[in-house]
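# Structural overview for review
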Amino acid sequence: MAFRDDFVWGAATAAFQIEGAWNEGGKQPSIWDVFCHDGGHIKDGSDGDVACDHYHRFKDDVALMASLGVKAYRFSLSWPRIVTFADDDGALSAGDGWRSAGGVRYRVNPAGISFYSALIDELCAHGITPFITLYHWDLPYALHLRGGWLNRASADWFADYARVVAQAFGDRAKHFITFNEPSVFVGCGYMQGVHAPGYKLGTSDLLTACHNIQLAHGRAVQAIRAVCPDAKIGITLATSPVIPTADGAPLAVSAAWKAESGVQQATGAEKAQGAHCGSSQQTAAREADCGCAAGSVESGAAAAIADGAQNAHSGNAQQSSASEADCGCVAGSVESGAAAAGADGAL
């Protein structure tokens, strides 16, 4: 197996894991701040209050990356550092700086914008291409209290956040990832209860959250494209592909399908022909083919998300939707076995 000539090598981080400064510069708490501070959730009692202190040391961190020859850096933004939410959702007053999305009042936090702007400038000065992830699991706690991903208005909240990000950084950053591993933050945080916010929800609520997240993805892509038509936009998915070991052998193909989808156990005959299990984190960007891309099959269902067209497909293969000429941008996944198709422009 060879990597394509346009494959991008780099480094990646998540805001909560490295930034620290959890309550500095106007930042409000995230669900991970609260989850850690509540106690009893983290084995050694650690939290993200200081972490790697990247908020204060980002110039040193960028210099380290440059010394290693890193040419691309994927980092996530802390949503509650970028946006400040009101304590209530009352009427807006003209000229007070408050905006509204999905019934929630918010305003842009200048200190948060300034921090990420300085980081992007520093990256560009060292010849490192920024790749921005909008959401790496740290939902603003203020939105969690309003229902979080169980609230359909979350798609509106996320779209407005994406618009703010594109307006602030789209002149220098051209690569955007909407969500990091929806199947993980839903599965671990809302089904198993081992990640923030620590819920153990039933199937109906899980499917509601999954649907709203996919809707939010599509709305965010629309919002970014409206501001940055030349942006490359994708989604990061956690997948565990299962590949038949015998090329084309029907029983091996059947066993692989069952193992990947989780719908039923493979038979003894199927196992005898074999399937090779692998695991990889898929960052959705086949830029040479479509400029931004992605599709994935999670838990035995698949969804394709495209500009202006809905296409849902059954199956369990990695789906790459179409070329730039055909679709403009794609990305989607179906989580927890729910089949849903979102679209940039048609949902």
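So, here's what we can say about the structure. The model shown is predicted, which means the values in this text are computed figures rather than measured ones. (Residues numbered from 1 in each chain as written. Predicted model: local features only at pLDDT ≥ 70, side-chain atom pairs only at ≥ 80, totals over all residues. Heavy atoms only, no water.)

Now for the overall build of the protein chain. A tally of regular secondary structure across the protein chain gives 13 helices and 14 strands. Pairs at least 24 residues apart make up 75% of the contacts formed inside the protein chain by residues separated by at least 6 positions. Of the accessible surface of the protein chain, which amounts to about 15200 Å², a share of 52% is contributed by carbon and sulfur atoms. (Helix = DSSP H or I, 4+ residues; strand = E, 2+ residues; numbered from the N terminus. Contact = heavy atoms within 4.5 Å. Areas by Shrake-Rupley, 256 points an atom, 1.4 Å probe, with all protein chains shown as cover.)

The next subject is the sheet that holds strand 3 (residues 83-85). Pairing is antiparallel in the open sheet, where three strands are placed in the order 3-5-4. Of all strands in the sheet, those bounded by a partner on one side alone are strand 3 and strand 4 (99-101). Between one strand axis and the next, the sheet turns through 45° on average, direction left out of account. Where strand 4 meets strand 5 (residues 104-108), three bridges bridge the pair, whose relative direction is antiparallel. Paired with serine 100 across the two strands is arginine 105, which belongs to strand 5. Its contacts with the sheet put helix 7 (residues 154-169) on strand 3, strand 4 and strand 5, and the angle it makes with strand 4 is roughly 135°. (Pairing = 2+ DSSP bridges. Axes fitted to C-alpha atoms, helices over the stretch in contact; angles between N-to-C directions.)

So, on to a nonpolar patch on the surface. Taken together, the side chains of Met1, Phe3, Phe7 and Trp9 make up a nonpolar region of the molecular surface, amounting to roughly 600 Å² of accessible area. Positionally, methionine 1 belongs in the segment before strand 1 (11-12). (Patch = residues over 30% accessible without salt bridge, like charges linked within 9 Å, V, L, I, M, F, W, Y side chains within 5 Å. Salt bridge = Lys/Arg side-chain N within 4 Å of Asp/Glu carboxyl O.)

Mapped onto the elements, serine 78 comes out in the loop between strand 2 (72-76) and helix 4 (79-82). Assessed through its relative accessible area of 1%, serine 78 is described here as buried. Residues contacting serine 78, with those up to four places away along its chain left out, are Ala15, Glu19, Lys27, Tyr116, Asp138 and Tyr161. (Buried < 20%, exposed > 50% of the residue type's maximum accessible area, 1.4 Å probe, protein only.)

Once that is clear, we can look at helix 7. For helix 7, spanning 16 residues, the distance from its first C-alpha to its last is 22 Å, which sits close to the expected 22 Å at 1.5 Å a residue. In terms of burial, helix 7 is largely enclosed, as 12 of its 16 residues are buried. Three or more residues of helix 7 are buried, namely Ser154, Ala155, Trp157, Phe158, Ala159, Asp160, Tyr161, Ala162, Val164, Val165, Ala166 and Phe169. (Expected span 1.5 Å × (residues − 1).)

For the pair helix 7 and helix 9 (residues 203-227), interaxial distance at closest approach is 8 Å and the crossing angle is 30°. Taken as axis vectors, helix 7 and helix 9 run roughly parallel relative to one another. You can see that helix 7 and helix 9 cross each other, and the crossing is right-handed. Taken together, the residues of helix 9 that come into contact with helix 7 (itself represented by Ser154, Ala155, Asp156, Phe158, Ala159, Ala162, Arg163, Ala166 and Gln167) are Asn212, Leu215, Ala216, Arg219, Ala220, Ala223, Ile224 and Val227. (Parallel < 35°, antiparallel > 145°, perpendicular 65-115°, else oblique. Left-handed = near helix turned anticlockwise from the far one by under 90°.)

Another point: the pattern of salt bridges. Under the criterion given, the structure shown has nine salt bridges. When the shortest N-O distance is used, the salt bridge between arginine 219 and aspartate 156 registers 2.8 Å. Of this pair, arginine 219 sits in helix 9 while aspartate 156 sits in helix 7, placing them 63 residues apart in sequence. On the accessibility criterion, arginine 219 (27% relative accessible area) is partly exposed.

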